[in-house]
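A look at the structure
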Amino acid sequence: MLEGSWGKDVVEQYMRKYLPRQGKAASQAEVVAAMSLVGMSPPADVLDIPCGFGRHSSALAELGYRVHGVDSSAAMIAEARCRTGVQEHWTVADYRQTGISSESFDCIVNLFTSIGFCGTDGDSAAIREFHRLLRPGGAVLIETAHRDQIARKMREAAEDAEGAGTAAPEEAVALRESRTFDVVEGMLVTEHGYPADGAERRSYTSRIRIYSVTELVGMLTAAGFKNIRVHGGLAGGRVGLDTRLAVVAEK
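Values in this document were obtained by computation on a predicted structure and should not be read as measured data. (Residues numbered from 1 in each chain as written. Predicted model: local features only at pLDDT ≥ 70, side-chain atom pairs only at ≥ 80, totals over all residues. Heavy atoms only, no water.)

For the chain, the helix and strand inventory stands at 8 helices and 11 strands. For the chain, with 251 residues in total, the buried portion stands at 46%. Considering only contacts in the chain between residues 6 or more positions apart, those separated by 24 or more positions represent 63%. Carbon and sulfur atoms provide 51% of the accessible area of the chain, an area that totals close to 12400 Å². (Helix = DSSP H or I, 4+ residues; strand = E, 2+ residues; numbered from the N terminus. Buried < 20%, exposed > 50% of the residue type's maximum accessible area, 1.4 Å probe, protein only. Contact = heavy atoms within 4.5 Å. Areas by Shrake-Rupley, 256 points an atom, 1.4 Å probe, with all protein chains shown as cover.)

Here's what the structure looks like:
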C-alpha cells in the first residue's frame with residue numbers, strides 16, 4: 001500500500017533511487033535468470049505485473065518474448081511507454097482484477113518484491129488472478145523478500161546504526177529513507193523523503209506485507225497452483241536467512 005498516489009514527482013524520485021542500482025545490464029541479467037528458473041523460451045507470451053517503469057518488460061522484449069506490462073500507476077505506465085518507445089501492450093490496472101482475457105499468457109513474472117501491497121486477502125486475490133491469466137501448463141514466478149530475511153536485516157541494521165558515527169553521503173541525505181518492521185503483522189513500513197522545489201522536502205510512505213516462505217507457498221496452493229518450487233532468489237539454490245525468495249508455480 002502506498003500512501004498518496006504515484007504521481008510524476010514520486011515516480012521521478014523512485015527512478016532516481018533505483019535506476020543506479022538496477023540499470024539495463026542488471027535488468028537483463030535478472031530476466032535471463034528468471035526465465036531460466038521458469039524454463040521458458042522466446043517467443044512465449046509473458047505478463048510483467050506490476051511492471052513499474054518497464055525495466056524488466058523492455059529486457060524481456062529484447063530477448064524475443066512477447067511482453068505485456070500491467071501497473072496500477074498511470075505515471076509508471078507513461079514512463080514505460082516513454083523509455084521503451086513502445087506504445088502498445090501496456091495496461092493501467094489493479095493486479096487483483098486486470099480485465100485481461102483468461103489464459104492469455106504462458107508466463108507471469110512478479111519481480112522485485114511486488115506482492116504484499118494489498119493485504120492478505122487482496123494479495124491472495126492477485127495470485128488467483130495470476131492463475132486465471134495463465135494458460136494450462138503456464139508458470140508464475142514471484143521474486144521477493146521474505147519475512148525471515150527482512151527480520152534479520154532489520155535487526156542487523158539497528159545494530160549497525162547504534163555504532164555508526166560517520167556522515168551520510170550527500171545523495172543519501174537527499175533521498176532519506178526510514179524503515180520499521182512489525183514482526184507480529186509482518187509489515188514493512190518505509191518513509192521516503194526527498195527534496196522538492198526550493199528548500200521544501202516531500203515524502204511518501206509505503207507499506208508492504210512481507211510473507212514467510214510458508215505463507216506464500218500456501219497462498220499459491222490455495223489459488224490452484226501445483227509443482228511449487230522455492231529458490232534462494234533468482235540465482236537459485238536454497239532459501240536462507242541471507243537470500244531473497246523466488247517461487248515458481250505451475251498451472
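Picking up after the structure, the text goes on.
Further remarks concern unusual backbone geometry. Residue P43 is bonded to the preceding P42 through a cis peptide linkage, with omega at 5 degrees. Mapped onto the elements of the fold, P43 is located in the loop between α2 (24-38) and β2 (45-48). The peptide bond linking I49 to P50 adopts the cis configuration, its omega dihedral lying at -10 degrees. Within the secondary structure, P50 sits in the loop between β2 and α3 (55-62).

Under the criterion given, the structure shown has 1 aromatic pair. An angle of 80 degrees between the planes, with centres 6.2 Å apart, marks the rings of Y95 and F130 as edge-to-face. Within this pair, whereas Y95 is found in the loop between β4 (90-92) and β5 (105-110), its partner F130 is found in helix α5 (residues 119-133), the two being separated by 35 residues in sequence. One exposure class covers both Y95 and F130, and it is buried. (Phe/Tyr/Trp six-rings, centres within 6.5 Å; stacked < 30°, edge-to-face > 60°.)

Once that is clear, we can look at the sheet that holds strand β10 (residues 226-231). Across the sheet, which stays open at both edges, the 7 strands sit in the order β4-β3-β2-β5-β6-β11-β10 with mixed pairing between neighbours. Strands at the two margins of the open sheet, each flanked by one partner only, are β4 and β10. Mean inter-strand twist for the sheet, computed between neighbouring axes without regard to direction, equals 15 degrees. In terms of strand pairing, β5 meets strand β6 (residues 134-144) through 5 bridges, oriented parallel. Note on β6: the bridge partner recorded for I108 is V140. Relative to the sheet, helix α4 (residues 74-84) contacts β3 (66-71) and β4, its axis offset from that of β4 by approximately 165 degrees. Set on the sheet, α5 makes contact with β2, β5 and β6; between it and β6 the angle comes to about 145 degrees. (Pairing = 2+ DSSP bridges. Axes fitted to C-alpha atoms, helices over the stretch in contact; angles between N-to-C directions.)

Quick look at α5 now. Counted at 1.5 Å a residue, the expected span for α5 with its 15 residues is 21 Å, and the 21 Å between its end C-alpha atoms agrees. Those residues of α5 lying buried are G122, D123, S124, A125, A126, I127, E129, F130, H131 and L133. In the core, the buried residues of α5 are packed alongside β2, β5, β6 and α8 (213-222). (Expected span 1.5 Å × (residues − 1).)

Another aspect to go through is the pairing of β5. Most of β5 sits out of view: 5 of its 6 residues are buried. With 3 bridges joining them, β2 and β5 adopt parallel strand pairing. Directly across from D48, in β5, lies its bridge partner V109. Between β5 and its parallel partner β6, the chain crosses via α5, and the hand of that crossover is right-handed. (Right-handed = clockwise from strand over helix to strand, strands pointing away.)

Below, the discussion takes up the side chain of H56. With respect to the helices and strands, the residue H56 is situated in helix α3. Filtering out sequence-adjacent residues up to four positions away, H56 remains in contact with S27, E30, V31, D48 and L111.

The next point concerns the environment of D48. Checked against the element boundaries, D48 lands in strand β2. The exposure class assigned to D48 is buried, which follows from its relative accessible area of 1%. Considered as a pair, D48 and I108 are 60 residues apart in the sequence and their alpha carbons are 6.1 Å apart. Setting aside anything within four residues of it in sequence, one finds D48 in contact with H56, S57, V67, H68, G69, V70 and V109. Polar side-chain contacts of D48 include one of 2.7 Å to the side chain of S57. (Polar contact = N/O pair within 3.5 Å; in protein donor to acceptor, adjacent residues only side chain to side chain.)

It is worth spelling out α8 at this point. Of the positions making up α8, those classed as buried are L216, M219 and L220. Seen along its axis, α8 keeps its buried residues to an arc of 100 degrees; they face one direction. Pointing more than 90 degrees away from the buried face of α8 are the exposed residues T214 and A222. The secondary structure elements touched by the buried residues of α8 are α5, β6, β10 and β11 (245-250). Immediately downstream of α8, the backbone of G224 shows phi near 105 degrees, a positive value. (Arc of directions from axis to C-beta.)

None of this, on its own, says anything about what the molecule does.
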